[in-house]
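So you can see what is in the structure, the chains are spelled out below.
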Amino acid sequence: MPVRLVQHPLVQDALLTLRDAVTAPEEFRRIATRISVLLAAEALKDLPTRARTVETPLGPATGQAVAGDVVVVPVLRAGLGMLDAVLGLLPTARVGHLGLQRDETTAVASQYYSRLPKGLEDSYVLMIDPMLATGGSAVSGLDLLCRAGARNIRIVCIVAAPEGVAVVERRFPDVTIFTPVIDEGLNAHKFIVPGLGDFGDRLYGTT
Ligand code: PRP
Ligand code: URA
């Protein structure tokens, strides 16, 4: 099942605020972090744990501590708006960066930066990119992660288009996409409709 729809009311409420054209960058960044916390928690539900015992004021208590190595990979630049959320949940996660940019006329993504941690083979790799539109950026990022040795990859996005989902499903059937929604489709400029506009521009006020 490559798509996991996250329909939690708090996720859907945050998504609506992000969609709203009157939401200014300051609030947009805050809500992007809030929704990303919820989505990342869902995407990491299967993390392995190890039993550990601590001393409460009243005696020993055994519980579960996270045991897996997590690598979070924001796709620049919009993916940076989701990074603090994941690091807030998992401060020890390692971070890789991928710079991908869609050409404004062709919407074809090209890579301009890549810096990944070593030893991804046994890591839980979380690629974070809020918009999955044509899927070009996602496929390019996934190609790179696979070439770097990653075997357990999941994508977290905030809005997905059916076109992008179909491309990822076809090229990477083992990769699960966590998203609150799959929108209607793409317009002539390859923007998601109704979507929320250009995520990076709204995050950083570059409209
Ligand atoms: C946006 C978005 C994705 C990509 C999705 O980034 O953050 O990376 O477009 O579109 P696709 O599925 O058609 O490839 P953009 O290239 O606009 O760069 P930015 O994050 O620097 O704004
Ligand atoms: N990138 C965005 O930021 N928004 C879209 O709708 C498509 C790609």
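For the structure itself, look to the data block above.
Here we summarise the structure given alongside this text. (Residues numbered from 1 in each chain as written. Chains lettered and ligands numbered in written order. Predicted model: local features only at pLDDT ≥ 70, side-chain atom pairs only at ≥ 80, totals over all residues. Heavy atoms only, no water.)

**Focus: the packing of aromatic side chains**
- According to the stated counting rule, one finds one aromatic pair in the structure shown.
- Here the basic side chain of arginine 102 rests over the ring of phenylalanine 191, its NZ or CZ set 5.3 Å away from the ring centre. (Phe/Tyr/Trp six-rings, centres within 6.5 Å; stacked < 30°, edge-to-face > 60°. Lys NZ or Arg CZ within 6 Å of the ring centre and 35° of its normal.)

**Some thoughts on the site of ligand 1**
- The environment of ligand 1 is made up of 15 residues, and the closest members are Arg102, Asp129, Thr134, Gly135 and Ser137.
- Contact between ligand 1 and aspartate 129: an oxygen atom at 2.5 Å from a side-chain N or O atom of the residue.
- Between ligand 1 and the protein, one listed contact pairs an oxygen atom with a backbone N or O atom of glycine 135 at 2.9 Å.
- Starting from 500 Å² of accessible surface for ligand 1 in isolation, the protein chains cover 93%.
- If you map ligand 1 onto the pockets, it falls in the largest pocket. (Near = heavy atom within 4 Å. Polar contact = N/O pair within 3.5 Å; in protein donor to acceptor, adjacent residues only side chain to side chain. Areas by Shrake-Rupley, 256 points an atom, 1.4 Å probe, with all protein chains shown as cover. 1 Å grid on protein atoms, 1.4 Å probe; cavity = no way out; pocket = protein on both sides within 12 Å on 5 of 7 lines; lining within 4 Å. Sits in = over half its atoms within 2 Å of the grid points.)

**Notes on unusual backbone geometry**
- Residue arginine 77 is bonded to the preceding leucine 76 through a cis peptide linkage, with omega at -5°.
- Its location among the elements puts arginine 77 in the loop between β4 (70-76) and α3 (80-89).
- The phi dihedral of alanine 107 is positive, around 65°, even though this residue is not glycine.
- Structurally, the position occupied by alanine 107 is in the loop between β6 (97-102) and β7 (109-115). (Helix = DSSP H or I, 4+ residues; strand = E, 2+ residues; numbered from the N terminus.)

**A few points about the site of ligand 2**
- The environment of ligand 2 is formed by Arg102, Met131, Ala133, Lys190, Phe191, Ile192, Gly197, Asp198 and Phe199.
- In this structure, a nitrogen atom belonging to ligand 2 sits 2.8 Å away from a main-chain N or O atom of glycine 197.
- In isolation ligand 2 has 230 Å² of accessible area, and contact with the protein removes 89% of it.
- The residue inventory of the shell around ligand 2, partitioned by class, reads five nonpolar, one polar and three charged. (Nonpolar A, V, L, I, M, F, W, Y, C, P; charged D, E, K, R; others polar.)

**Looking at the packing of helix α1 (residues 9-19) against helix α2 (residues 25-43)**
- At a minimum axis separation of 9 Å, α1 and α2 run at an interaxial angle of 155°. Overall, the two elements α1 and α2 adopt an arrangement that is roughly antiparallel. As α1 runs across α2, the sense of the crossing is left-handed. When α1 is examined against α2, the residues Leu10, Val11, Ala14, Leu15, Thr17 and Leu18 are found in contact with a partner set consisting of Glu27, Phe28, Ile31, Ala32, Ile35, Leu38 and Leu39. (Axes fitted to C-alpha atoms, helices over the stretch in contact; angles between N-to-C directions. Parallel < 35°, antiparallel > 145°, perpendicular 65-115°, else oblique. Left-handed = near helix turned anticlockwise from the far one by under 90°. Contact = heavy atoms within 4.5 Å.)

**A closer look at empty space enclosed by the protein**
- Considering all chains together, one arrives at one cavity of 30 Å³ or more under this definition.
- As a volume, the largest cavity reaches approximately 30 Å³.
- Lining the largest cavity, in full, are Met127, Asp129, Met131, Leu132, Ala138, Ile155 and Cys157.
- Of the residues contributing to the lining of the largest cavity, the split by class is six nonpolar, no polar and one charged. (Points joined across faces, edges and corners; volume = space filled by probe spheres on them.)

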